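Inside the fold
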Amino acid sequence: MKKYVLKRNKGEGEKLYSIDYRAELNPQQYKAATATEGAYLVVAGAGTGKTRTLVFRVAYMVENKIPPGSILLLTFTRKAAQEMMRRASSILDERCKNVAGGTFHSFANLLLRKYALNIGLLPNFTIVDRTDAEEILQIIRTNLNLNKKERRFPNKSTLINIISLAINKSTSIKKIVSDCYPHYLGDYTEIMTVEEYYRRFKQEKQLLDYDDLLVYLKQLLESGEDVRKKISDKYRYIMVDEYQDTNRLQAEITVLLASGHHNVMAVGDDSQSIYSFRGANFKNIIDFPSFFPGTVIINLEQNYRSTRPILDMTNAIIEQAREKYPKKLFSNIEGDQKPVFIDGVDEKDQAAFVAQRILETRDEGVPLSHIAVLFRASWHANELELELRNANIPYVKYGGIKFAEAAHVKDTLAYLRVIHNPIDEIAWLRLLLLIDGIGPASAGTILKAVIANGGDYHQLISPAFEKRKNSSELKRLHHLFSSMKNKQEPLSAKMESVLDYYTPIFEKKYDDFHRRKMDLESLLHISERYLKLEHFLSDIALEPPDKFQAGIEPTDLEDEKLVLSTVHSAKGLEWHTVFILHLVEGYFPSTQSLDEPEDIEEERRLFYVAATRAQKNLYLIAPEITSRGSYWASYRSSPFAFSEPSRFLNEIPNFRELTEVGVITFEDPLS
DNA sequence: TAGTGAGAGGTTTTT
DNA sequence: CCTCTCACTA
């Protein structure tokens, strides 16, 4: 008898990969990248090559014949997902582009458009942003007569905070009110009523706020075994990035998504959790193994980003945190430049120093785009922006007012929203109020007629309104909608019709319309990239700031520009040289966080995130606050609190050894 | 009922 | 400093 042995070509090491994973990754990274089946928790400190690991993991899976479409990459921003897919494609091939990915919210949007009917939604629902949500609450508040001065009922932004926190933390409104707003406990029943009206309002008009996307996704996944199985089967390999910034609801969704296979890798760093104000809970990381029994935990601790002196500093910052997973990040990158600490300057000098130092750094050969200035709140950079404009230093600013939130952009979008979802009452209301002589009352009457007819814009020229003094404007509006009826017409053509209609209103409404005009032009420009109105509108609502940032042309992004950014928007990024402004009590940590120890801890992590962005140079600046703007705040705490350097610096025991003190002197005017 | 002006109160971060 | 609210006027 003759024996035949079949060679197996499975098994580690024997397989032919086009990438040498062992050489490219360190042992922990390798372990994470090549572990495909099962549940994994990767605790990845700042700069430890987390993204790189995920990118190689995608490539590894694709090389193992896993269909890219069955890999789901949930990240904090869509940009992060796209960047990863791009990098995976560049190390392997185009197949990696077909990986599914995005934020929880955009993923929810995708599924809900498809399965809307399963849970009683229409697929053409509209996504409303925070401003719209507040607008709705304002209407409800007024209707319920809760807006009287003597009532001191929570205002619209507090209301949305309460409602949203309850949802994101998967808890009751009562708990949120008693935990965060105990002084409103007496208004608890009315808050519940408002919430109910709010929910009904949205439901009737097919409006979904950000939270609804998650709520309905969860509902969809729970609506039936068959749908859940279908979805779970499609996305067999799930990766969740920045897991420390997910909330309870997102964790529950993750569990449901993975119900069929339990192939989940969550990646995160508890020390970098900075989104608790919107319900994120870094304890999700700690709880992960209990959701997925048998979870394997992998720690990434070698830092590839920062030099040793910088890492010593950042380790010292997070060392002071009350509560964290013990971690010991180390770096092999040599460097002799300690972080530089500057104090004793005023805000003007701070700006002048930063601008000057930026120019010098550029002269040393560091491109502007590798330099960043970070700050706690957008307005902290105002002074610096002036200085930069004077010095002709080009920059982009991230964070702060977003493009889609600017009033004139929202005006423009309202017309398109009505086309897409004719019963979008918030959009209708907005565009009606734009007409001269129409206030809340007339708008209400017209709106009623329109909505009663399922959003029929022909009501605008109904005989009932013919005798109004602004009937010609209504005709003009009617004409606009008729002209956009043609479905074949490209989106940008519709946009142009809208702008034609809107321009006279726009120029009358805003004194500074010249400055704002640019935004409308770039909106038109952006619309040219879309075929479907629906995609355009969802993207504007869901896309992270960078592409739709006020004042940023899409073409700006490739240019050599200095980066100004809030710390929140700087997450996940890195620069050769980083300046952190306003390391002063009341600014960083911000005044609002001073009451609660938990909030202080979050600010500390925020500072940690900021400092860990630096590769080679880190400047920590603690100016003395002299401007009048801080006057109001200084009487709330002690009068001198605002010139006190941040506690996050003072609390570091060997701060002086870890830093080099920068002393600023002024040039002799005669020399 | 729409539009305006004075006055008061709050001032972050984002999908 | 900016937004929101209220009260007043046309």
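Along every chain, residues carry numbers that run from 1 in the direction the sequence is written. Chain letters and ligand numbers both follow the written order, the letters beginning at A and the numbers at 1. Given that the model is predicted, a residue must reach a pLDDT of at least 70 before its local features are reported, and side-chain atom pairs must reach 80 or more before they are shown or counted; all residues, however, enter totals for whole chains, interfaces and linings. Computation of side-chain values covers all heavy atoms of the structure but excludes hydrogens and water.

**Section: the sheet that holds strand 11 (residues 340–346)**
DSSP calls a pair of strands paired once it identifies at least 2 bridges connecting them. Every helix listed is a DSSP run of H or I at least four residues long, and every strand listed is a run of E at least two residues long, numbered separately from the N terminus. With parallel pairing, 7 strands are arranged side by side in an open sheet as 13-14-12-15-16-11-17. Only two strands of the sheet have a single neighbouring strand rather than two, namely strand 13 (395–398) and strand 17 (660–662). Going from strand to strand, the sheet's axes swing by 20° on average, the running direction of each strand aside. Pairing geometry for strand 12 (residues 371–375) and strand 14 (residues 562–566), over 4 bridges, is parallel. When the bridges of strand 14 are listed, Phe375 appears paired with Thr566. We call two residues in contact when some of their heavy atoms are within 4.5 Å. Note on geometry: axes are C-alpha line fits, over the in-contact stretch for helices, and angles between N-to-C directions span 0 to 180 degrees. With respect to the sheet, helix 16 (residues 382–390) is in contact with strand 12, strand 13 and strand 14, its orientation differing from that of strand 13 by roughly 165°.

**Things to note about the nonpolar core**
Definition used in this section: a nonpolar core is a set of buried Ala, Val, Leu, Ile, Met, Phe, Trp, Tyr and Cys residues joined via side-chain atoms within 4.5 Å. The rule is simple: take the accessible area with a 1.4 Å probe, protein chains only, and divide by the maximum for that residue type; under 20% is buried, over 50% is exposed, in between is partly exposed. Membership of the largest hydrophobic core comes to 49 residues, with the highest contact counts inside it found for Tyr415, Trp428, Leu432, Leu477, Phe481 and Phe536. For this core, the elements supplying multiple residues, two or more each, are helix 17 (407–420), helix 18 (425–433), helix 19 (440–452), helix 20 (471–483), helix 21 (491–509), helix 22 (513–527) and helix 23 (533–542). Broken down by element, the residue count for this core peaks at 8 residues, all from helix 21. With residues near it in sequence (within four places) discarded, Leu432 still touches Ile438, Ala443, Ile446, Leu447, Leu460, Leu474 and Leu477.

**Digging into the packing of aromatic side chains**
Aromatic contacts are taken between Phe, Tyr and Trp rings whose centres are within 6.5 Å, Trp giving its six-membered ring; a plane angle under 30 degrees counts as stacked, one over 60 as edge-to-face, and the others as tilted. In the structure shown here, the tally under the stated rule is 20 aromatic pairs. Residues Tyr21 and Phe56 carry aromatic rings whose centres are separated by 6.1 Å and whose planes lie at 85° to one another, so their mutual orientation is edge-to-face. Of the two residues, Tyr21 sits in helix 1 (residues 21–24) while Phe56 sits in helix 3 (residues 50–63), which places them 35 residues apart along the sequence. Just as Tyr21 is buried, Phe56 falls in that class too. Judged by centre distance (5.7 Å) and plane angle (45°), the ring pair of Tyr457 and Phe481 falls under tilted. Highlighted residues: Tyr457 in the loop between helix 19 and helix 20 and Phe481 in helix 20, separated in sequence by 24 residues. Of the two residues examined, Tyr457 and Phe481, each falls in the buried class. Counting every residue linked through ring pairs, the aromatic cluster contains Tyr17, Tyr21, Phe56 and Tyr60. Two thresholds decide whether a charge sits over a ring: the Lys NZ or Arg CZ must be within 6 Å of the ring centre and within 35 degrees of the ring normal. When the ring centre of Tyr197 is taken as reference, the NZ or CZ atom of Arg200 above it lies at 5.1 Å. Stacked on the ring of Phe282, the Lys or Arg Lys283 has its end atom at 5.2 Å from the ring centre.

**Considerations on helix 12 (residues 248–257)**
Of all the 10 residues making up helix 12, 8 are buried; the element is thus mostly covered by neighbouring parts of the structure. Buried within helix 12 are the following residues: Leu249, Gln250, Ala251, Glu252, Ile253, Thr254, Leu256 and Leu257. Under the rule applied, a polar contact is a pair of N or O atoms within 3.5 Å (in protein, one hydrogen donor and one hydrogen acceptor; residues adjacent in sequence only if both atoms are side-chain atoms). Capping the start of helix 12, Asn247 holds a side-chain oxygen 3.1 Å from the backbone nitrogen of Leu249, two or three residues further along.

**So, a negative patch on the surface**
A patch is a set of surface residues, each over 30% in relative accessible area and not in a salt bridge, joined within 9 Å for like charges and within 5 Å for the nonpolar side chains Val, Leu, Ile, Met, Phe, Trp and Tyr. Each accessible area value is a Shrake-Rupley result obtained with a 1.4 Å probe; residue values ignore everything except the protein chains displayed when judging cover. Salt bridge, as applied in this entry: a Lys or Arg side-chain nitrogen positioned within 4 Å of an Asp or Glu carboxyl oxygen. Positive charges come from Lys and Arg, negative ones from Asp and Glu, while His and the chain ends are left out of the count. Note on charges: their place is set at NZ of Lys, CZ of Arg, CG of Asp or CD of Glu. The grouping of Glu323, Asp595, Glu596 and Glu598 at the surface amounts to a negative patch. In this structure, Glu323 sits in the loop between helix 14 (308–319) and strand 10 (330–331).

**Notes on the pairing of strand 15 (residues 575–580)**
Burial runs high along strand 15: 6 of the 6 residues are buried. Across 4 bridges, strand 12 lies against strand 15 in parallel orientation. Note that in strand 15 the partner of Val373 across the bridge is Phe579. Judged from the 5 bridges that link them, strand 15 and strand 16 (residues 614–624) form a sheet pairing that is parallel.

**A short note on the pattern of salt bridges**
Applying the stated criterion across every chain, the model contains 44 salt bridges. We note a salt bridge from Glu94 to Lys97, for which the minimum N-O separation is 3.7 Å. Look at Glu94 and you get exposed, because its relative accessible area is 54%. For Lys97, a relative accessible area of 42% translates into the label partly exposed. Salt-bridge contacts for Lys328 lead to Glu301; the nearest nitrogen and oxygen are separated by 3.5 Å. Of this pair, Lys328 sits in the loop between helix 14 and strand 10 while Glu301 sits in the loop between strand 8 (296–300) and strand 9 (302–303), placing them 27 residues apart in sequence.

**Comments concerning helix 3**
One fewer than the residue count of a helix, multiplied by 1.5 Å, yields its expected span. Spanning 14 residues, helix 3 covers 20 Å between terminal C-alpha atoms, matching the ideal 20 Å at 1.5 Å per step. Most of helix 3 is tucked away: 12 of the 14 residues are buried. When helix 3 is considered as a whole, its buried residues turn out to be Lys50, Thr53, Leu54, Val55, Phe56, Arg57, Val58, Ala59, Tyr60, Met61, Val62 and Glu63.

**Concerning unusual backbone geometry**
Here the amide bond leading from Phe588 into Pro589 is cis, since omega sits at 5°, within 30 degrees of zero. Secondary-structure assignment places Pro589 in the loop between strand 15 and helix 24 (597–611). A positive phi angle is found at Ser170, which is not glycine, with a value near 50°. Tracing the chain through its elements places Ser170 in the loop between helix 7 (156–168) and helix 8 (173–180). Since its relative accessible area comes to 36%, Ser170 is described here as partly exposed.

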